[in-house]
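# Commentary on secondary and tertiary structure
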Amino acid sequence: MNIYDSANQLEQDLRKTTEVADLKLAFEAVKANDLAYKLFDKVQNKQFELQQKQMQGQEITDDDIKAMRELTDQLSNYTEIQNLMEKEQKMNSMMDELNKIISKPIAEIYQDK
């Protein structure tokens, strides 16, 4: 069996999970609320900006942290975003479990010192 066939099958199986379906519905609810979606977009852009600064070796300032905190604090005002974050956590848990399963042969190599 080709490992890429297995990966493609896993991708298809993931699409059928309740976790993916719930995440999709939660994101659609955020997009349906214009104010929530604009804030969500602002937070993502700020995260990207800070990641770029880090990658370029630039210092992340207290002002950067304060601005990010202020944006993320506003997220809690929207139940749609809170729901999305909950669904993201469930999805991340599943992805972590899958990664452990997939990585098991490699982990075993290093455990057998």
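These numbers were taken from a predicted model, which means no experiment stands behind them.

### Remarks on the nonpolar core
Formed by 13 residues in total, the largest nonpolar core has its most connected members in L39, V43 and I81. At the level of elements, α2 (18-32), α3 (34-55), α4 (62-75) and α5 (79-111) are the ones that each hand at least two residues to this core. Setting aside chain neighbours within four positions, we find V43 in contact with M68, L71, T72 and L75.

### Describing the packing of α2 against α3
The contact between α2 and α3 brings their axes to 5 Å, and the two run at 105 degrees. In terms of orientation, α2 and α3 fall into the roughly perpendicular class. Listed contacts from α3 to F27, V30, K31 and A32 of α2 are D34, A36, Y37 and F40.

### Some details on the packing of aromatic side chains
Per the stated rule, a full pass over the model turns up three aromatic pairs. Seen in terms of ring centroids, Y37 and F40 are 6.4 Å apart; in terms of plane orientation they differ by 25 degrees. Their pairing is stacked. Of this pair, Y37 and F40 are both found in helix α3, three residues apart, which corresponds to roughly one turn of the helix. Given a relative accessible area of 30%, Y37 falls into the partly exposed group. For F40, a relative accessible area of 12% puts it in the buried group. Put simply, the rings of F27, Y37 and F40 pair up and form one aromatic cluster.

Basis of the calculations
- Residues numbered from 1 in each chain as written.
- Predicted model: local features only at pLDDT ≥ 70, side-chain atom pairs only at ≥ 80, totals over all residues.
- Heavy atoms only, no water.
- Core = buried A, V, L, I, M, F, W, Y, C linked by side-chain atoms within 4.5 Å.
- Buried < 20%, exposed > 50% of the residue type's maximum accessible area, 1.4 Å probe, protein only.
- Helix = DSSP H or I, 4+ residues; strand = E, 2+ residues; numbered from the N terminus.
- Contact = heavy atoms within 4.5 Å.
- Axes fitted to C-alpha atoms, helices over the stretch in contact; angles between N-to-C directions.
- Parallel < 35°, antiparallel > 145°, perpendicular 65-115°, else oblique.
- Phe/Tyr/Trp six-rings, centres within 6.5 Å; stacked < 30°, edge-to-face > 60°.

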